[in-house]
Amino acid sequence: MAGRLPAKPSLHELMQWVLRLEKEGERDFTLLAVCPNSVAVLEAAVKAASHHRVPMLFAATLNQVDRDGGYTGWTADEFVRQIGAFAKKYDWDGPLYPCLDHGGPWLKDRHTLERLRFEETFEEVKQSIAACIEAGYELLHIDPTVDRSLAPGSKLQIAVVVERTLELMAHAEEISKTLGAREIVYEVGTEEVAGGLVDVQQLEGYLARLRQGLHERNLAHIWPVFIVAQIGTDLHTTTFDPEAAARVNRRILPLGSLIKGHYTDWVENPQAYPQSGVGAANVGPEFTAEEYCALEALEEEEAKVCADFWLEPSHITNAIEAAVVESGRWKKWLQPDESGLDFGALSAERRRWLTLSGARYIWTAETVLEARARLYRNLERVQPDPHRIVVDRIAARIAAYVRHFNLDQWLDRWG
């Protein structure tokens, strides 16, 4: 029997315990990883973890959190401190794990926009990994599956992906050893078709080469706990494929790994994740969309308050849309038949989708911060804490995944 968990385990200890549960056929849950794309989302996640007594992973990309502050404004150190501050606010002493999501060359938008050469982006990623470890991150997703130097339509050779993965993992281990940090949990693979690892046979070939490379470098002990695979979901689909997950699961469980699902947002059958053996799943854009919808609902309430008290309205949703358009990041989600169109030329449905998806990039824009502050000030005439309403709405969506993943009151079951 795997027994009870140690008190406040490191993520490495937790995952070794989870793997023992898996081996004994006792695991009936999927861990949740929240992508911390705003202050409100991070706060809501910690609040949900406290209320439901569940361990929570926070999967932060280099776009979100990095040495330059990312679009949240947080460096890795500041991000970890913010997690601690919210834990204190909600009186939560349970496990909260900061993690790196998609750590690899050109996966930070700025590296692509600045047309960095491979050597430059690779060195930037190495420095960011070092900053993550120094800040106390406990999971690193190593993902060198993108190469902007290749001709359009070309795929990166699996051997090259393996070699770059090995170099980044070895670098991380060297940094970790130097700092005396906690043992790191590794995640590899990608759900993106362009990454070249979606096909199960290609994934198997990648993992075989990776295992051999780790042995040759005397790093077999850092075999990745999580493997990211294509299990039916992506940015534009919401159906999880239990059969695909089961196929991948049968291949990777003997290796001592678990599936990590990405693009879990709005999935129609989240209750199937634990049943299919998925070890953990990331959710992100859905929560920032929920934040937008919460602000949109508050803006409707604000209209009456402004009319009653002769106040200037915030126009918060207009400010968000304008900031999304100005950011230019909406353009990366345009469909082939929309290429070259201005934002205003798109349908109302598409403009709303792009605003909901792109809102995560602009929560710290000055115009949005000012509009939000005005919204809250106006509503405080009738609402004691408008921000809590936003946080609670996001927390309710997080709680839905907690229940579907069989995590509610998890520490009372296993702790």
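Residues numbered from 1 in each chain as written. Predicted model: local features only at pLDDT ≥ 70, side-chain atom pairs only at ≥ 80, totals over all residues. Heavy atoms only, no water.

A. Summary view of the overall build of the chain. Along the chain, the regular secondary structure elements total 15 helices and eight strands. In terms of overall size, the chain behaves like a compact globule, its C-alpha atoms giving a radius of gyration of 21 Å where 415 residues would be expected to give roughly 22 Å. Dimensions of the chain, computed from the C-alpha atoms along their principal axes, are close to 70 × 55 × 45 Å. For the chain, the proportion of its 415 residues judged to be buried stands at 56%. For the chain, the proportion of contacts with a sequence separation of at least 24, taken over those separated by at least 6, is 73%. With an accessible surface of roughly 18,000 Å², the chain has 49% of that area assigned to carbon and sulfur atoms. Taken together, the 45 basic and 62 acidic charged side chains of the chain have centroids lying 2 Å from each other. (Helix = DSSP H or I, 4+ residues; strand = E, 2+ residues; numbered from the N terminus. Rg over C-alpha atoms; globule rule 2.2 N^0.38 Å. Buried < 20%, exposed > 50% of the residue type's maximum accessible area, 1.4 Å probe, protein only. Contact = heavy atoms within 4.5 Å. Areas by Shrake-Rupley, 256 points an atom, 1.4 Å probe, with all protein chains shown as cover. Lys, Arg positive; Asp, Glu negative; His and termini not counted. Charge placed at Lys NZ, Arg CZ, Asp CG, Glu CD.)

B. Representation of the pattern of salt bridges. The full count for this structure, using the stated rule, is 29 salt bridges. Where Arg27 meets Glu22, a salt bridge forms, and the shortest distance between an N and an O atom there is 2.5 Å. Lys108 is the salt-bridge partner of Asp68, the closest N and O atoms lying 3.2 Å from each other. Separated by 40 residues along the polypeptide, Asp68 in the loop between β2 (56–60) and α3 (76–89) and Lys108 in the loop between β3 (96–103) and α4 (109–113) bring together distant segments of the chain. For Asp68, a relative accessible area of 45% corresponds to the partly exposed category. Assessed through its relative accessible area of 3%, Lys108 is described here as buried. Residues participating in the shared-partner salt-bridge network are Asp66, Asp68, Lys108, Arg110 and Glu114. (Salt bridge = Lys/Arg side-chain N within 4 Å of Asp/Glu carboxyl O.)

C. Focus on the sheet that holds strand β8 (residues 278–283). Spatial strand order, β1-β2-β3-β4-β5-β6-β7-β8: eight strands in a closed barrel with parallel pairing. On average, each strand axis in the sheet is tilted by 25° relative to the strand beside it, whichever way the strands run. In the sheet, strand β1 (residues 31–34) pairs with β2 via two bridges, with the strands oriented parallel. Paired with Val34 across the strands is Phe58, a residue of β2. (Pairing = 2+ DSSP bridges. Axes fitted to C-alpha atoms, helices over the stretch in contact; angles between N-to-C directions.)

D. Molecular detail of the packing of aromatic side chains. The full count for this structure, using the stated rule, is 16 aromatic pairs. With centroids separated by 5.9 Å and ring planes inclined at 65°, the aromatic side chains of Phe79 and Tyr137 adopt a geometry described as edge-to-face. Here the residue Phe79 occupies a position in helix α3, and Tyr137 occupies one in the loop between α5 (118–135) and β4 (139–142), the gap between them amounting to 58 residues. Tyr137 matches Phe79 in its accessibility class, with the two residues each being buried. Their ring planes at 85° and their centres at 6.0 Å tell us that Phe287 and Tyr401 sit as a pair that is edge-to-face. (Phe/Tyr/Trp six-rings, centres within 6.5 Å; stacked < 30°, edge-to-face > 60°.)

E. Broad picture of the layout of surface pockets. Here the second largest pocket is characterised by a volume of approximately 360 Å³. What lines the second largest pocket is a set of 18 residues, among which His12, Glu183, Ile184, His221 and Ile222 lie closest to the centre. At the level of elements, α1 (11–23), α6 (158–179) and β5 (185–189) are the ones that each hand at least two residues to the lining of the second largest pocket. Of the residues in the lining of the second largest pocket, the class split is nine nonpolar, five polar and four charged. (1 Å grid on protein atoms, 1.4 Å probe; cavity = no way out; pocket = protein on both sides within 12 Å on 5 of 7 lines; lining within 4 Å. Points joined across faces, edges and corners; volume = space filled by probe spheres on them. Nonpolar A, V, L, I, M, F, W, Y, C, P; charged D, E, K, R; others polar.)

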